[in-house]
Amino acid sequence: MFVTFSIDLPRDATASQLARQQVADRLVATLEPPVLADVMLAVSELVTNALLHGTGQIELHIEVDDRSVRGEVIDAGRGLEQRIRDQGVEAPGLQIVGRVAQKWGVFQGTTHVWFEILLTGENPLVGEPPPGRLSES
Amino acid sequence: MLSGGRDASLGRLSDIFGKKRTEGQGSPITDLLTISTVERDGGLVITAEGELDLSTAPLLDAAVLAAEATGAAIITVDIDAVTFIDSTGLRALIEAQLRSQQDGNRLRLTRGSPQAQRLFSLAAVHELLPFVDN
């Protein structure tokens, strides 16, 4: 049940598809299909976000335990967090992440975004996304 | 990957302009997204198969724009064979609908896979998009 992996993604248009494929290959035996689909969606959104707004290599970390799936997408960009502070969560991709994940956030001064999808209890609610939590990195 | 898709898309789009397509030419298309446009009942049906994301949304944009440039009364985008769509793909559909609203409301959209419907539900766009049953 416990799965952890990290992959480096190229900064080009193939990155989100590569990330989704890796997630699918490595977690297909671990997660229920609807949860896997949500994880793939959240990963796709965050990698796309990194492509559009970040710089440098993109890293994806995934940790699954018996409680939750936690994903992080990290690159060398700055300013995503500042834009969220300035404009609120307007990026459609982040809104989607906020709706599939019970928790998510952006580390201060970075394009380092994380999400957590719980495996127990209620399914993610459809409704207003929770505010992104800004954390100290 | 992308250029292969674009070539394939343009090849199929040639149907619109009445060019003959040779049957059985080339190898099977294995790109992330393949798009074909055919005429049906006086309208155009654009069928998308594969994954609709940042890298492939421009292919769908191009096909829909090409269809809009014709006199087709109805433009149906069939996304039932799209296995994955994210907000970038959704944006292409919403932009197509916004153009349609300014240009005769010609766009129709199939309801899509369970994954697509999940995204439409998460994004709360069901009321916005012109869904039809296939």
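Since we're looking at a predicted model, the values are computed, not measured. (Residues numbered from 1 in each chain as written. Chains lettered and ligands numbered in written order. Predicted model: local features only at pLDDT ≥ 70, side-chain atom pairs only at ≥ 80, totals over all residues. Heavy atoms only, no water.)

Chemist: Can you help me understand the sheet that holds strand S2 (residues 43-52) of chain B in this one?
Modeler: Note: strands within a sheet are paired through backbone hydrogen bonds, in either parallel or antiparallel orientation. Residues and elements named next belong to chain B. Reading across from one edge, S1-S2-S3-S4 is the order of the 4 strands in this open sheet, with mixed pairing throughout. At either margin of the open sheet sits one strand with a lone partner, and together these are strand S1 (33-40) and strand S4 (107-109). Direction aside, the axes of adjacent strands within the sheet are offset by 20 degrees on average. Judged from the 8 bridges that link them, S2 and strand S3 (residues 75-85) form a sheet pairing that is parallel. Within S3, the position partnered with Gly-50 by the bridge is Val-82. Sheet strands touched by helix H2 (residues 57-68): S1, S2 and S3. Its angle to S2, the strand with the most contacts, is close to 175 degrees. (Pairing = 2+ DSSP bridges. Helix = DSSP H or I, 4+ residues; strand = E, 2+ residues; numbered from the N terminus. Axes fitted to C-alpha atoms, helices over the stretch in contact; angles between N-to-C directions. Contact = heavy atoms within 4.5 Å.)

Chemist: Explanation requested: the nonpolar core in the structure shown.
Modeler: If you look at soluble globular proteins, the nonpolar side chains tend to sit buried side by side. Judged by nonpolar contacts, the single largest core of 68 residues is most densely connected at Val-23, Leu-27 and Phe-115 of chain A together with Phe-120 of chain B. Take this core: its biggest share by element is 10 residues, from helix H2 (residues 33-53) of chain A. Sequence-distant contacts of Val-23 of chain A, defined by excluding residues within four places in its chain, comprise Phe-5, Val-28, Leu-36, Val-39, Met-40, Val-43, Leu-60 and Ile-62 of chain A. (Core = buried A, V, L, I, M, F, W, Y, C linked by side-chain atoms within 4.5 Å. Buried < 20%, exposed > 50% of the residue type's maximum accessible area, 1.4 Å probe, protein only.)

Chemist: Whenever I open this one, the confidence of the model for chain B confuses me. Can you help?
Modeler: Note that predicted coordinates carrying low pLDDT should not be read in detail. Residues of chain B with pLDDT of at least 70 account for 77%, and the chain-wide mean is 82. In the model, residues 1-30 of chain B has pLDDT below 50 throughout and makes 29 contacts with residues more than four positions away in sequence or in other chains. (pLDDT = per-residue confidence, 0-100.)

Chemist: When you look at the interface of chain B and chain A in this model, what are you seeing that I'm missing?
Modeler: Contact residues are listed per partner, giving 17 residues for chain B and 19 residues for chain A. Roughly 1,500 Å² is buried in total at the junction of chain B and chain A, and carbon and sulfur atoms are behind 61% of that figure. Looking only at chain B, the three residues that lose the most surface to chain A are Leu-54, Arg-118 and Leu-122 of chain B, adding up to 36% of its buried area. Here chain B and chain A share 3 salt bridges between them. Two residues, Arg-20 of chain A and Asp-53 of chain B, come together in a salt bridge whose shortest N-O distance is 2.9 Å. At the surface where chain B touches chain A, the tally comes to 7 residue pairs in polar contact (both at pLDDT 80 or more). (Buried area = accessible area lost by both parts, 1.4 Å probe. Salt bridge = Lys/Arg side-chain N within 4 Å of Asp/Glu carboxyl O. Polar contact = N/O pair within 3.5 Å; in protein donor to acceptor, adjacent residues only side chain to side chain.)

Chemist: Even after reading the chapter, I still don't get the environment of Leu-119 of chain B, so can you show me in this structure?
Modeler: If you trace the backbone, Leu-119 of chain B turns up in helix H4 (residues 114-123). Given a relative accessible area of 0%, Leu-119 of chain B falls into the buried group. For the pair formed by Leu-119 of chain B and Thr-34 of chain B, sequence separation is 85 residues and the distance between their alpha carbons is 21 Å. Not counting residues within four places of it along the chain, the set of residues in contact with Leu-119 of chain B comprises Leu-41 and Ile-96 of chain A together with Ile-85, Asp-86, Ser-87 and Leu-90 of chain B.

Chemist: Quick question: what am I supposed to make of the side chain of Asp-75 of chain A here?
Modeler: Residues and elements named next belong to chain A. Tracing the backbone through its elements, the reader meets Asp-75 in the loop between strand S3 (68-74) and helix H3 (80-87). The class of Asp-75 is buried, set by a relative accessible area of 9%. In this structure Asp-75 touches Arg-11, Ala-50, Gly-54, Thr-55, Gly-56, Gln-57, Ile-58 and Thr-111, once residues within four positions along its chain are discounted.

Chemist: Sorry, what's going on with empty space enclosed by the protein here?
Modeler: Picture a little ball the size of a water molecule; that probe, rolled over the atoms, points out where space is still empty. Residues and elements named next belong to chain B. What the rule picks out here adds up to 1 cavity of 30 Å³ or more. Roughly 50 Å³ of internal volume is contained in the largest cavity. Contributing to the lining of the largest cavity are Val-64, Glu-68, Ile-75, Arg-99, Ser-100, Asp-103, Arg-106 and Leu-107. Elements supplying a minimum of two residues to the lining of the largest cavity: H2 and helix H3 (87-101). Across the lining of the largest cavity, the residue classes tally to 3 nonpolar, 1 polar and 4 charged. (1 Å grid on protein atoms, 1.4 Å probe; cavity = no way out; pocket = protein on both sides within 12 Å on 5 of 7 lines; lining within 4 Å. Points joined across faces, edges and corners; volume = space filled by probe spheres on them. Nonpolar A, V, L, I, M, F, W, Y, C, P; charged D, E, K, R; others polar.)

Chemist: Help me understand the packing of H2 of chain A against helix H4 (residues 92-100) of chain A in this model?
Modeler: Two packed helices can be described by the angle between their axes and the distance between those axes. All names here are of chain A. Running from N to C, H2 and H4 point in directions that differ by 150 degrees, and their axes come no closer than 9 Å. Classed by the angle they form, the pair H2 and H4 counts as roughly antiparallel. Crossing hand, H2 versus H4: left-handed. Here Asp-38, Leu-41, Ala-42, Glu-45, Leu-46 and Asn-49 of H2 lie close against H4, whose contacting residues are Gly-93, Leu-94, Ile-96, Val-97 and Val-100. Partitioning the contact of H2 with H4 into residue classes produces 7 nonpolar, 2 polar and 2 charged. (Parallel < 35°, antiparallel > 145°, perpendicular 65-115°, else oblique. Left-handed = near helix turned anticlockwise from the far one by under 90°.)

Chemist: Can you help me understand the confidence of the model for chain A in this one?
Modeler: Mean pLDDT over chain A works out to 83, with 77% of the residues at or above the 70 mark. Predicted confidence for residues 123-130 of chain A stays below pLDDT 50, and this span has 18 contacts to residues more than four positions away or in other chains.

Chemist: Honestly, the environment of Gly-98 of chain A in this entry has me stumped. Any pointers?
Modeler: Structurally, Gly-98 of chain A is set in helix H4. Measuring from C-alpha to C-alpha, the distance between Gly-98 of chain A and Glu-63 of chain A comes to 18 Å, with 35 residues separating the pair along the chain.

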